[in-house]
Every structure is written in C-alpha cells, then in structure tokens.
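Structure at a glance
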Amino acid sequence: MKKIPVIACVFVAVVTTVASCSNNKKPGATYMPDMAYSRAYETNSENFIFPDRQTNRTPVAGTITRDQLLPFRIEKDAAGDTSNFAKARTVQNPLPALNEADLKEAERLYLIYCGICHGSKLDGNGPLWKDGDGPYPAAPKNLLDPTVVNQGDGQLFYTITYGKNKMGSYASQLNPKQRWMVIDYIRDQQGVKKETTTAVSDSSAAAK
C-alpha cells in the first residue's frame, strides 16, 4: 500500500512534464537578446557601432589572440622618416623552418595577396603590370632585386604590416604568423638560407 503514493507521484510528475513540453509553443521573452545572440556582420560591411568605419578592422593596439606570436612593437615611421624601418632590420623571423605543408600554405597566401603585383615568380611582373600592358602605371617591386634580398626579415614584415610607397598595409588580411610565413616563402624563392635563431618577433628591445 505504501508503494501506491510513490507511484502516483511519479505518474503525476511524468504527465506534468510531458504536458508542459507539449504546450510550450511560445517560449518566454529573452532579456537583452542582443547580449544572448550576437549580431554578425559581413566583412567590409557598414559598421553599426562606428558608422565611419568598416568591419574589416585590425586588432586593438596592444592585444593579441591566443596562440599568436608576440606583437611587432616597432611603430610606423612618420612621413619622410625611415628610422623605424631601418630599426626593423634587427627583428628576426620567429618561426622555425617551414615544413613542406606550411611552405605550400605560404605559397598560397603569397599568390593571393602578393602575386597580383609582385608576380608568381617574384619578378614584379604580376597581372597589374603585365609587361606594361596591365592597369598599373608603374612596375611593382622586383622581390628578387638585391636591394630586397639584402633587407632584413623584420623590414619585410614592416612593409607588409604598414605598407611602403605605393603598397598598402596587409595587416588586416594576414595575421602576424601568416606574414612571417609569406616572408619565409619569399626567402625560399630568393634562395636565402634561413638562419637558425631563437629570436622572437617582440621587437621592444630593438625599439628602445
């Protein structure tokens, strides 16, 4: 007889649960839904928070994402100044020698972001120049030229990060690791042997 009340309670609980689930066709209101469900924005679309900006933005100054390399602390030169570009020569590529798969990825990144100007052969004869028949009015830099070969890896990183002369910045298209990978690919195509080093990309010491 004592089992009957227990069985009855279980039965009532099951029936109540099933009924509540089946009748819950209208969920309750969500408090602050914009906090619960973040609004997604397409790349390069109008920024809702900052109307004068686009959504393709570089990271906030002084911040890095997880598993990323230490930041490149050498700032962009002021107009007409090249002292920081010269200082960037002391910064070495922090990545170990790329394996075959990473080198292939670096080549892919180069062809997407660099090859259109500098050419697939690094000779400056990309589709925008095309032996003078392209839409670009001047030949892009030949990356096989000794003046480029003799630059430090940090100077190439500086150029990719901030832009130089007619070339704009690619900091929003390539994260720091990808930039160093592209530099490794360029060095490989230039025939420059990578030196074994434990240096990191934190150039705060060089910037002092």
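Scroll up to find the structure this text is about.
This part takes up the side chain of Thr161. With respect to the helices and strands, the residue Thr161 is situated in helix α7 (residues 153–162). Every residue in contact with Thr161, bar those within four places of it in the chain, is listed here: Ser169, Tyr170, Ala171 and Arg179.

The next subject is the nonpolar core. Counting residues in each nonpolar core, the largest one holds 24 residues, and the members touching the most others are Phe72, Tyr110 and Val182. Top element by residues in this core is helix α8 (residues 176–190). It accounts for six residues. When residues no more than four places from it in sequence are discounted, the contact partners of Tyr110 are Gly115, His118, Gly119, Ser120, Leu122, Leu143, Val182, Tyr185 and Ile186.

This paragraph deals with the pattern of salt bridges. For the structure on display, the rule yields three salt bridges. Across the pair Glu107 and Lys104 runs a salt bridge, and its minimum N-O distance is 3.6 Å. You can see Glu107 and its partner Lys104 sitting in helix α4 (residues 100–113), three residues apart, about one turn around the helix. Ionic pairing is found between Glu105 and Arg108, a salt bridge with its closest N-O pair at 2.8 Å.

On to the packing of α4 against α8, then. Contact geometry of α4 with α8 gives a least axis separation of 8 Å together with a crossing angle of 95 degrees. By the criterion of interaxial angle, the relationship of α4 to α8 is roughly perpendicular. Between α4 and α8, the residues in contact are Asp102, Leu103, Glu105, Ala106, Glu107, Leu109 and Tyr110 and Gln178, Met181, Val182, Tyr185, Ile186 and Asp188, respectively. Broken down by class, the residue content of the contact of α4 with α8 amounts to eight nonpolar, one polar and four charged.

Counting across every chain of the model gives seven aromatic pairs. A centroid spacing of 4.2 Å and a plane angle of 20 degrees characterise the contact between Phe157 and Trp180, whose relative ring orientation is stacked. With a gap of 23 residues between them, Phe157 in helix α7 and Trp180 in helix α8 connect regions that are remote in the sequence. Taken individually, Phe157 and Trp180 each receive the classification buried, so the pair is uniform in this respect. Grouped by ring-pair contacts, the aromatic residues Phe72, Phe85, Phe157, Tyr158, Tyr162 and Trp180 constitute a single cluster. Over the ring of Phe85 we find Lys164, and its NZ or CZ is 4.6 Å from the ring centre.

Take α4 next. The terminal C-alpha atoms of α4, which comprises 14 residues, lie 20 Å apart, in line with the 20 Å expected from a rise of 1.5 Å per residue. Among the residues of α4, those classed as buried are Ala106, Leu109 and Tyr110. When α4 is viewed along its axis, its buried side chains cluster within an angular range of 100 degrees and face the same direction. In α4, those exposed residues whose orientation departs by more than 90 degrees from the buried face are Glu100, Ala101 and Lys104. Two or three places before Ala101, at the start of α4, stands the capping residue Asn99, its side-chain oxygen 3.1 Å from that residue's backbone nitrogen.

Criteria and cut-off values
- Residues numbered from 1 in each chain as written.
- Predicted model: local features only at pLDDT ≥ 70, side-chain atom pairs only at ≥ 80, totals over all residues.
- Heavy atoms only, no water.
- Helix = DSSP H or I, 4+ residues; strand = E, 2+ residues; numbered from the N terminus.
- Contact = heavy atoms within 4.5 Å.
- Core = buried A, V, L, I, M, F, W, Y, C linked by side-chain atoms within 4.5 Å.
- Buried < 20%, exposed > 50% of the residue type's maximum accessible area, 1.4 Å probe, protein only.
- Salt bridge = Lys/Arg side-chain N within 4 Å of Asp/Glu carboxyl O.
- Axes fitted to C-alpha atoms, helices over the stretch in contact; angles between N-to-C directions.
- Parallel < 35°, antiparallel > 145°, perpendicular 65-115°, else oblique.
- Nonpolar A, V, L, I, M, F, W, Y, C, P; charged D, E, K, R; others polar.
- Phe/Tyr/Trp six-rings, centres within 6.5 Å; stacked < 30°, edge-to-face > 60°.
- Lys NZ or Arg CZ within 6 Å of the ring centre and 35° of its normal.
- Expected span 1.5 Å × (residues − 1).
- Arc of directions from axis to C-beta.
- Polar contact = N/O pair within 3.5 Å; in protein donor to acceptor, adjacent residues only side chain to side chain.

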